[in-house]
Amino acid sequence: MSPITLAVFEASLMRCEARPDFFDVFYEKFLSSSPEVAGKFAGTDFARQKELLRTSLHHLLLVARDPKQGPDPYLEEVAVRHGAGGLAIGAHMYDLWLDSLLETVRTCDPEFSRDIEGAWEEVMMVGIHYLCANYEGRHKGHKG
Ligand code: HEM
């Protein structure tokens, strides 16, 4: 990924996080995107969840910046949690997740542009690909 894309993403993330309601806006959009999504979050402590999502966005930036490092142990755990043996988050829900996030950035970043949207999409796809590829568990299907 180009250093420009990473810098554009990071600067936009900073502007979004400067808005105290960034994660509120995101979860409001994401939960209303489908009853299936809302159902997955029944019983969630959102104060905690918003902090965990904030942390994972910064992890995705690190992984996108240095893909040779391989899977980050933090993301490995997040993948297990979302996989078939855990929350069972199917690929279609990641489309809703990304759409909701891009809509949120559009609302919250005063400098929003097509380039900024593209940068978010590129960095987030690193995480989405990783989580979807590991849906069945990390060690299955790799026996040659
Ligand atoms: C790349 C995309 C995503 C990232 C980076 C992400 C990140 C996270 C993180 C960091 C946690 C906290 C794990 C923990 O408790 O330690 C979490 C929990 C969760 N995520 Fe995701 N997530 C993503 C996509 C999704 C999608 C598409 C759904 C669909 C509904 C989803 C549903 C949930 C639920 C239900 C929880 C558990 C909430 C609870 O503890 O009550 N996530 N996610």
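Right above here is the structure, for reference.
Keep in mind that what you see is a predicted model, and the values were worked out from it rather than measured. (Residues numbered from 1 in each chain as written. Predicted model: local features only at pLDDT ≥ 70, side-chain atom pairs only at ≥ 80, totals over all residues. Heavy atoms only, no water.)

Colleague: Please explain the layout of surface pockets as it appears in this structure.
Modeller: Space left empty within the atom packing is revealed by a probe, the size of a water molecule, rolled over the atoms. In this structure, the largest pocket spans a volume of roughly 780 Å³. When residues of the lining of the largest pocket are traced back to their parent elements, those giving at least two are α2 (22-31), α3 (35-40), α4 (46-65), α5 (73-82), α6 (91-108) and α7 (114-133). Top contributing element to the lining of the largest pocket by residue count: α4, with seven residues. A per-class count over the lining of the largest pocket returns 19 nonpolar, five polar and five charged. (1 Å grid on protein atoms, 1.4 Å probe; cavity = no way out; pocket = protein on both sides within 12 Å on 5 of 7 lines; lining within 4 Å. Points joined across faces, edges and corners; volume = space filled by probe spheres on them. Helix = DSSP H or I, 4+ residues; strand = E, 2+ residues; numbered from the N terminus. Nonpolar A, V, L, I, M, F, W, Y, C, P; charged D, E, K, R; others polar.)

Colleague: What exactly am I supposed to notice about the pattern of salt bridges here?
Modeller: Where side chains of opposite charge bring their charged atoms close, a pairing between them can arise. In total, this model carries ten salt bridges according to the counting rule given. For the salt bridge of Glu-111 with Arg-15, the shortest nitrogen-to-oxygen distance reads 3.5 Å. Taken together, the residues Glu-111 in the loop between α6 and α7 and Arg-15 in helix α1 (residues 3-17) connect sequence positions 96 residues apart. The partner of Lys-50 in a salt bridge is Asp-24, and the shortest N-O contact between them spans 2.5 Å. Taken together, the positions of Lys-50 in helix α4 and Asp-24 in helix α2 put the pair 26 residues apart, joining distant regions of the chain. (Salt bridge = Lys/Arg side-chain N within 4 Å of Asp/Glu carboxyl O.)

Colleague: I'm lost on the packing of α2 against α4 in this one. Help?
Modeller: Think of two packed helices as two axes; the pair is described by the angle between the axes and how far apart they sit. At a closest axis distance of 10 Å, the pairing of α2 and α4 adopts a crossing angle of 100°. One way to sum up the angle between α2 and α4 is to call them roughly perpendicular. Contacts from Phe-22, Phe-23, Asp-24, Phe-26, Tyr-27 and Leu-31 of α2 reach α4 at Phe-46, Gln-49, Lys-50, Leu-53, Arg-54 and Leu-57. Residues of the contact of α2 with α4, tallied by class, amount to eight nonpolar, one polar and three charged. (Axes fitted to C-alpha atoms, helices over the stretch in contact; angles between N-to-C directions. Parallel < 35°, antiparallel > 145°, perpendicular 65-115°, else oblique. Contact = heavy atoms within 4.5 Å.)

Colleague: How do you make sense of the site of the ligand when you look at a structure like this?
Modeller: The ligand sits among 19 residues. The nearest are Lys-40, Phe-41, Thr-44, Arg-81 and His-82. More than half of the atoms of the ligand fall within 2 Å of the grid points belonging to the largest pocket. For the shell around the ligand, the secondary-structure elements that each account for two or more residues are α4, α5, α6 and α7. Classifying every residue of the shell around the ligand by side-chain character gives twelve nonpolar, four polar and three charged. (Near = heavy atom within 4 Å. Sits in = over half its atoms within 2 Å of the grid points.)

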